[in-house]
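# Architecture at a glance
Residues per chain are reported as follows:
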Amino acid sequence: MSLQSSVVLIPPGSVIGILGGGQLGRMIALAAAPLGYRCVVLTPEEESPASQVAWKTLVAPYDDPAALRNLADLADVVTLEFENVPASAVAILSQWIIVAPGESILAVTQDRLKEKSFARAAGLQTVGFTPVDNGNLVGLEGEIGYPAILKTRRMGYDGKGQRRVAGPEEARRACVELGGSLIAEAIAPFDRELSVIVARTATGDIRAFDAVENEHENHVLRRTYAPARLDQAIRKEAQTSAQTLAETLGAVGLVTVEFFWSAESGLLVNEMAPRPHNSGHWTIEACHVSQFEQLVRAICGLPLGNSSRGHDAIMTNILGFEAERSAAVFAAPDRHLHLYGKAEAREGRKMGHVTQVLPLNSLVNRTG
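Rules behind the numbers
- Residues numbered from 1 in each chain as written.
- Predicted model: local features only at pLDDT ≥ 70, side-chain atom pairs only at ≥ 80, totals over all residues.
- Heavy atoms only, no water.
- Helix = DSSP H or I, 4+ residues; strand = E, 2+ residues; numbered from the N terminus.
- Rg over C-alpha atoms; globule rule 2.2 N^0.38 Å.
- Buried < 20%, exposed > 50% of the residue type's maximum accessible area, 1.4 Å probe, protein only.
- Contact = heavy atoms within 4.5 Å.
- Areas by Shrake-Rupley, 256 points an atom, 1.4 Å probe, with all protein chains shown as cover.
- Lys, Arg positive; Asp, Glu negative; His and termini not counted.
- Charge placed at Lys NZ, Arg CZ, Asp CG, Glu CD.
- Salt bridge = Lys/Arg side-chain N within 4 Å of Asp/Glu carboxyl O.
- Core = buried A, V, L, I, M, F, W, Y, C linked by side-chain atoms within 4.5 Å.
- Phe/Tyr/Trp six-rings, centres within 6.5 Å; stacked < 30°, edge-to-face > 60°.
- Lys NZ or Arg CZ within 6 Å of the ring centre and 35° of its normal.
- Pairing = 2+ DSSP bridges.
- Axes fitted to C-alpha atoms, helices over the stretch in contact; angles between N-to-C directions.
- Arc of directions from axis to C-beta.
- Polar contact = N/O pair within 3.5 Å; in protein donor to acceptor, adjacent residues only side chain to side chain.

### Details of the overall build of the protein chain
- Within the protein chain, the secondary structure is distributed over ten helices and 17 strands.
- Over its C-alpha atoms the protein chain spans a radius of gyration of 20 Å, differing by no more than 12% from the 21 Å that the globule rule assigns to 368 residues.
- Its C-alpha atoms give the protein chain principal-axis dimensions of about 55 × 50 × 40 Å.
- Out of the 368 residues in the protein chain, the part that is buried amounts to 57%.
- When contacts within the protein chain are restricted to residue pairs at least 6 apart in sequence, long-range pairs at least 24 apart make up 62% of them.
- Counting only carbon and sulfur atoms, one obtains 50% of the accessible surface of the protein chain, whose full area is about 15500 Å².
- Placing the 34 positive and 41 negative side-chain charges of the protein chain at their respective mean positions leaves the two points 2 Å apart.

Printed below as a string of structure tokens:
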């Protein structure tokens, strides 16, 4: 039996390894501590947000063999806070220690073409898509048409690595600018962007948080409404679809599924991320168990907690130099401020978030 297929209890007092040192790693470590776990972080970044609260930090590239061996020696289980860690690094680690998510999960979620094909194979709907290799536009022009979105198949986040193209000339230019293997996607006419976070254990225990509604500015998440301001039946469908994907993947830990929704097209799977997600920060104050505690429970073989909402909530990201004015939030008793300890503010950079807690079911009848 391989390490990855074993059902193992990682008891309190053990050490959780985290690949990535950003704010998600920071919040994993903060959630792990009350349960009795310490965290060791591997990150290429000096003075990372996660290193400020972790037990130990290893500063090295993700694919550094010596650092990976050191991480495996220090930790009892390893997880990710950044899904674009090289799959080769996860493969090396998996020789010595359980890694959740494993290499097979990353093979799907790190490639947009495989990701959408996987969702279709699981019986779920997506926008139309086709591969675009070496600037060959036959599939784009024959199956998708213009306008369309050209995206890199790998990497890219917060709107990076993609171009909207209105015709062949723009498409050819985008192919040169983006480079490598691409995917062309039809433009989805949607009314809302939703996401669902699912936790799953190695024994198949699975829980989903409520579907939330996300608003973006310049391709960066600005605000999340929990729950989404849609009928409960639509939110339940999104939860069921996300659980289907997590189960089909065989994921251990968290899987976040992003959707487009419109009254005309219904739910369309957009992307998946096998980690905690910015759109789940509201769970810290508004749920019985946060997404971060649920991750710790899932990868350590503990029973999953109650993922239901105790409150409604609105989570707002603090971007760039807005962090300099964040102290005013302390004056509002229904708002909870989280700053990530980043030394340098840059335009559009996520410096923290604030969650406004609201009475249960107060958002359901609001409209955007």
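After presenting the structure, the write-up continues.
### Thoughts on the pattern of salt bridges
- Across all of its chains, the model carries 21 salt bridges by this definition.
- Salt-bridge contacts for R309 lead to D312; the nearest nitrogen and oxygen are separated by 2.3 Å.
- Owing to a relative accessible area of 0%, D312 belongs among the buried residues under this scheme.
- Ionic pairing is found between D334 and R335, a salt bridge with its closest N-O pair at 2.9 Å.
- On the basis of relative accessible area, D334 is assigned to the partly exposed category, the value being 25%.

### Thoughts on the nonpolar core
- Ranked by size, the top nonpolar core spans 38 residues in total, and within it I16, Y37, V77, W282, V296, I299 and C300 carry the most contacts.
- Counting only elements with at least two residues in this core, the list comes to β1 (15-19), α1 (23-32), β2 (38-43), β9 (192-200), β12 (220-226), α10 (291-300) and β15 (312-319).
- Every residue in contact with C300, bar those within four places of it in the chain, is listed here: V8, L9, I10, I16, Y37 and V77.

### Here we look at the packing of aromatic side chains
- On inspection of all chains with the given rule, the structure shows two aromatic pairs.
- With centroids separated by 4.6 Å and ring planes inclined at 15 degrees, the aromatic side chains of F190 and F260 adopt a geometry described as stacked. Remark: F260 occurs in strand β13 (residues 253-262) and F190 occurs in the loop between β8 (182-186) and β9; sequence separation between them is 70 residues.
- Residue placement shows R38 over the ring face of W55; its charged tip is 4.3 Å from the ring centre.

### Overview of the pairing of strand β11 (residues 212-217)
- Both β9 and β11 contribute to a ladder of three bridges, which runs antiparallel. Bridge pairing in β11 places L194 opposite E213.
- Taking the residues between adjacent antiparallel strands as the criterion, β11 and β12 are bridged by two residues, where N218 takes a positive phi near 55 degrees.

### Points about unusual backbone geometry
- Residues Y146 and P147 are joined by a peptide bond in cis, for which omega reads -5 degrees.
- Residues A226 and P227 are joined by a peptide bond in cis, for which omega reads 5 degrees.
- The phi dihedral of E47 falls on the positive side, at around 55 degrees, and the residue is not glycine.
- Here E47 is to be found in the loop between β2 and β3 (56-59).
- Exposure remark for E47: the relative accessible area of 63% places this residue in the exposed category.
- Of note in this structure, H219 is not a glycine but carries a positive phi near 70 degrees.
- Inspection of the secondary structure assignment puts H219 in the loop between β11 and β12.

### Quick look at the sheet that holds β1
- Strands sit in the order β3-β2-β1-β4 across an open sheet of four strands; the sheet is parallel. Edge positions in the open sheet fall to β3 and β4 (77-80), since each of these has one partner strand only. Strand-to-strand twist in this sheet, taken as the mean axis angle between neighbours without regard to direction, amounts to 20 degrees.
- In terms of strand pairing, β1 meets β4 through four bridges, oriented parallel. Bridge pairing links I18 to T79 in β4.

### Considerations on the sheet that holds β8
- Strands sit in the order β5-β8-β6-β7 across an open sheet of four strands; the sheet is antiparallel. Only two strands of the sheet have a single partner each, and these edge strands are β5 (129-132) and β7 (162-165). Neighbour-to-neighbour, the strand axes of this sheet turn through a mean angle of 25 degrees, independent of strand direction.
- Helix α5 (residues 112-121) contacts β5, β6 (148-152) and β8 of the sheet and is inclined by roughly 150 degrees relative to β5.
- Together, β5, β6, β7 and β8 form the strand contacts of helix α7 (residues 168-178), whose direction differs from that of β7 by roughly 170 degrees.

### Quick word on helix α2 (residues 65-74)
- The set of residues buried in α2 consists of A67, L68, L71 and A72. Taken down its axis, α2 places every buried residue within 140 degrees of arc, on the same side. Facing away from the buried side of α2, by more than 90 degrees, are the exposed residues P65, A66 and D73.
- Here the buried face of α2 lies against β1, β2, β3, β4 and α3 (87-93).
- Two or three places before A66, at the start of α2, stands the capping residue D64, its side-chain oxygen 3.0 Å from that residue's backbone nitrogen.

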